[in-house]
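The lines below spell out each chain.
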Amino acid sequence: MTGLWHRVNPTLYQKEKSEVETHYPDLHFVRVGDSVRLCGTFAVTYEGRVLDRYSVELQLARDHPKSLPLVREVGGRIPQHEHRHINPRDGMACVLLPDERWRVWPPGSSLLSFLTGPVHSFFLAQSLVDLGHPCPFGQWEHGAKGIFQYYSELLKTSDVRVICNFLECLAAKKVKGHWRCPCRNGRLLRHCHSNVITDLKEKICRRDATKSLEMLRAAGPLSLDKVPTADSVISISASELQRHTSAERSYLTCQEEPPTIQGLVSPPQSDQKSQL
Amino acid sequence: MRDNSANLCVEDPANPYGNDLSGLLSADVKAQLASAATRTLAQIEASGWEAVFGEAENKEKAEKVQLLRKAASVTVAPTRAWLPTK
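About the criteria used
- Residues numbered from 1 in each chain as written.
- Chains lettered and ligands numbered in written order.
- Predicted model: local features only at pLDDT ≥ 70, side-chain atom pairs only at ≥ 80, totals over all residues.
- Core = buried A, V, L, I, M, F, W, Y, C linked by C-beta atoms within 7 Å.
- Buried ≥ 20, exposed ≤ 12 C-beta atoms within 10 Å, placed from the backbone.
- Helix = DSSP H or I, 4+ residues; strand = E, 2+ residues; numbered from the N terminus.
- Domains from an automatic or database assignment.
- Contact = placed C-beta atoms within 7 Å.
- Nonpolar A, V, L, I, M, F, W, Y, C, P; charged D, E, K, R; others polar.
- Pairing = 2+ DSSP bridges.
- Axes fitted to C-alpha atoms, helices over the stretch in contact; angles between N-to-C directions.
- pLDDT = per-residue confidence, 0-100.
- Left-handed = near helix turned anticlockwise from the far one by under 90°.
- Expected span 1.5 Å × (residues − 1).
- Arc of directions from axis to C-beta.

> Help me out: how do you make sense of the nonpolar core in this one?
The nonpolar side chains of a soluble globular protein tend to be buried with one another. Membership of the largest hydrophobic core comes to 62 residues, with the highest contact counts inside it found for Val95(A), Val119(A), Tyr151(A), Ile163(A), Phe166(A) and Leu170(A). Of all the elements in the fold, those that place two or more residues in this core are strand S2 (35-46), strand S3 (49-60), helix H4 (111-130), helix H5 (143-155), helix H6 (160-171), helix H7 (194-203) and helix H8 (206-219) of chain A together with helix H3 (56-73) of chain B. The greatest single-element share of this core, amounting to nine residues, is contributed by H4(A). Split by domain, the residues of this core number at least three in each of domain 1 (5-130) and domain 2 (143-253) of chain A. Among residues more than four places away in sequence, those in contact with Phe166(A) are Tyr151(A), Leu155(A) and Pro182(A).

Structure representation (structure tokens):
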């Protein structure tokens, strides 16, 4: 069993506490048994002006900051309903998709940046929804549909088999270059998307990829039929759409070089030797 | 104001006994106040309070929405909420 983070690393505890309590004077660190919680009032702000306030409780993981803190709104302002992204079973606020963590709260980031980033985004969106407006940043579908939607946008494909193949690689301890590429074009991984896999493995932890893969498999392809995919979610011009569609077609059928996945590294050129 | 305009008086809150402002409220001014009060009450009767005073709450709401949207627009790494199960 791993040690409790605040005992193993008291310097980190003091640093986190000092940073958070300086920036958010209404939030306080509380030790409850073995766990550390952050309790008090969280302010949604803009240019130093407080726009809204929520009573919150954050439970820091035993292996903080490796695992995400658990967030609860305890003032009863947000209805405990799935539509508000509050789990009705335990009152937990689902501020982000764990697979997307690398983009918004990468490992090694401070607790303060979790508060000013994902937590602030979540409560800001809740305030707008309270006033009858849509979420400003959009929202993922619930459960497996949201995972499918996320990877669909990330990998620019609506093929659940391709997404599961990629997730299998991300969930594997080691990936071998002689495996077939998850994009299903028949090539060896070392000659296709090995760079993409390497990059994604650095960003998305095995545990999250494994959970996502399990959820997708449990849901089955039929339940994902009507999920908005990259094609319908992303707003792009007609010419971009044509380019994107043709690129995706070539990506799946491998008539041409696979397209670059936005935000990720390019697949290797044919004359490049893979590291795998 | 409509029914008791003759009894209206004005007072300087900072100097209630040393500053006589009664000259400001002449009979003519009191009549104009009574007339304005009558028209306003009639408008309220016909169209409601908002016809006279505006949608005070909605203005506050609109301002808050505007600020929240501005805050959203400057968010560096916006996140989309999710829920693990349905």
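> Quick question: what am I supposed to make of the interface of chain A and chain B here?
Where the parts come together, the accessible area they lose is often given as the size of the interface. In this assembly, 29 residues from chain A lie in contact with 20 residues from chain B. Only helix H3 (101-104), H4 and H5 of chain A provide two or more residues apiece to the side of chain A that touches chain B. No other element matches H4(A), which puts eight residues into the side of chain A that touches chain B. Split into classes, the residues belonging to the side of chain A that touches chain B amount to 16 nonpolar, 11 polar and two charged.

> Would you mind showing me how to read the pairing of strand S1 (residues 27-32) of chain A here?
Along a regular strand, successive side chains alternate from one face of the sheet to the other. Residues and elements named next belong to chain A. Bridge analysis of S1 against S2 gives six bridges, and the strand direction is antiparallel. Within S2, the residue paired with Val30 across the bridge is Arg37. Hairpin connection from S1 to S2: two residues lie between these consecutive antiparallel strands, with Gly33 at a positive phi of about 60 degrees.

> Quick question: what am I supposed to make of the sheet that holds S1(A) here?
The strands making up a sheet associate through hydrogen bonds between their backbones, and the pairing can be parallel or antiparallel. All names here are of chain A. Pairing is antiparallel across the open sheet formed by five strands, whose spatial order is S1-S2-S3-S4-S5. Two strands in the sheet have a free side with no partner beyond their single neighbour: S1 and strand S5 (92-93). Here strand S4 (residues 70-73) pairs with S5 via two bridges, running antiparallel. Bridging across to S5, Arg72 finds its partner in Met92. Here H4 sits on the sheet in contact with S2, S3, S4 and S5, set at roughly 55 degrees to S2.

> Explain the confidence of the model for chain B here, please?
Segments scoring low in pLDDT should not have their predicted coordinates read at a detailed level. All names here are of chain B. With 97% of its residues at a pLDDT of at least 70, chain B reaches an overall mean of 88. Per-element confidence in chain B is highest for helix H1 (residues 27-47), whose mean pLDDT is 93, and lowest for helix H2 (residues 50-53), whose mean pLDDT is 85. Both scores are available for the predicted complex, with the pTM at 0.71 and the ipTM at 0.74.

> How should the domain arrangement of chain A be read in this particular structure?
Its domain assignment divides chain A into domain 1 (5-130) and domain 2 (143-253). Opposite the five residues of domain 1 of chain A that make contact, domain 2 of chain A presents seven residues.

> What is the right way to read unusual backbone geometry from this model?
Glycine aside, the phi torsion of most residues is negative, and most peptide linkages are trans. Residue and element names in this part refer to chain A. For the bond running from His64 to Pro65, omega is 5 degrees, close enough to zero to count as cis. Among the structural elements, Pro65 can be located in the loop between S3 and S4. Look at Glu47: it is not a glycine, yet its phi comes out positive at around 50 degrees. Here the phi dihedral of Arg184 falls at roughly 70 degrees; this positive angle occurs in a residue that is not glycine.

> Could you clarify how one ought to interpret the environment of Cys183(A) in this entry?
Structurally, Cys183(A) is set in the loop between H6 and H7. Sequence spacing of Cys183(A) and Arg161(A) is 22 residues, and the spatial spacing of their C-alpha atoms is 8.7 Å.

> Before we go on, may I ask you to explain the pairing of S4(A) in this structure?
As defined by bridge partners, S3(A) adjoins S4(A) across four bridges and the pair is classed as antiparallel. Following the sheet pairing, Glu57(A) is matched in S4(A) by Arg72(A).

> When you look at the packing of H6(A) against H8(A) in this model, what are you seeing that I'm missing?
A packed helix pair is summarised by two numbers, namely the angle formed by the two axes and the spacing between the axes. Residues and elements named next belong to chain A. The contact between H6 and H8 brings their axes to 8 Å, and the two run at 145 degrees. For the element pair H6 and H8, the recorded crossing hand is left-handed. Contacts between H6 and H8 pair Val160, Ile163, Cys164, Leu167, Glu168, Leu170 and Ala171 from the former with Arg206, Ala209, Thr210, Ser212, Leu213, Leu216 and Arg217 from the latter. When its residues are assigned to classes, the contact of H6 with H8 shows nine nonpolar, two polar and three charged.

> Explanation requested: the environment of Lys203(A) in the structure shown.
As for its position among the elements, Lys203(A) is in helix H7. Taking the C-alpha atoms as reference points, Lys203(A) and Leu27(A), separated by 176 residues in sequence, lie 30 Å from one another.

> What is the right way to look at helix H2 (residues 10-23) of chain A in this model?
Each α-helix winds once per 3.6 residues, and so residues spaced three or four apart point in a common direction. All names here are of chain A. Counted at 1.5 Å a residue, the expected span for H2 with its 14 residues is 20 Å, and the 20 Å between its end C-alpha atoms agrees. Of all the residues in H2, the buried ones are Tyr13, Glu16 and Val20. Each buried residue of H2 lies within a common arc of 70 degrees when the element is viewed along its axis, so the set occupies one face. In H2, those exposed residues whose orientation departs by more than 90 degrees from the buried face are Pro10, Thr11, Gln14, Ser18 and Thr22. Elements that come into contact with the buried residues of H2 comprise helix H1 (5-8), S1, S2 and H4.

> Help me understand H8(A), please; the structure alone is not making it clear to me.
Residues and elements named next belong to chain A. Taking 1.5 Å of rise per residue, the 14 residues of H8 would be expected to cover 20 Å, and the 20 Å separating its terminal C-alpha atoms lies within 8% of that figure. Of the residues making up H8, those classed as buried are Asp208, Ala209, Ser212 and Leu216. Angularly, the buried residues of H8 cover 95 degrees about the axis, an arc narrow enough to put them on a single face. In H8, the exposed positions that point more than 90 degrees away from the buried face belong to Arg206, Arg207 and Ala218. Downstream of H8 by a residue or two, Gly220 has a phi angle that is positive, lying close to 80 degrees.

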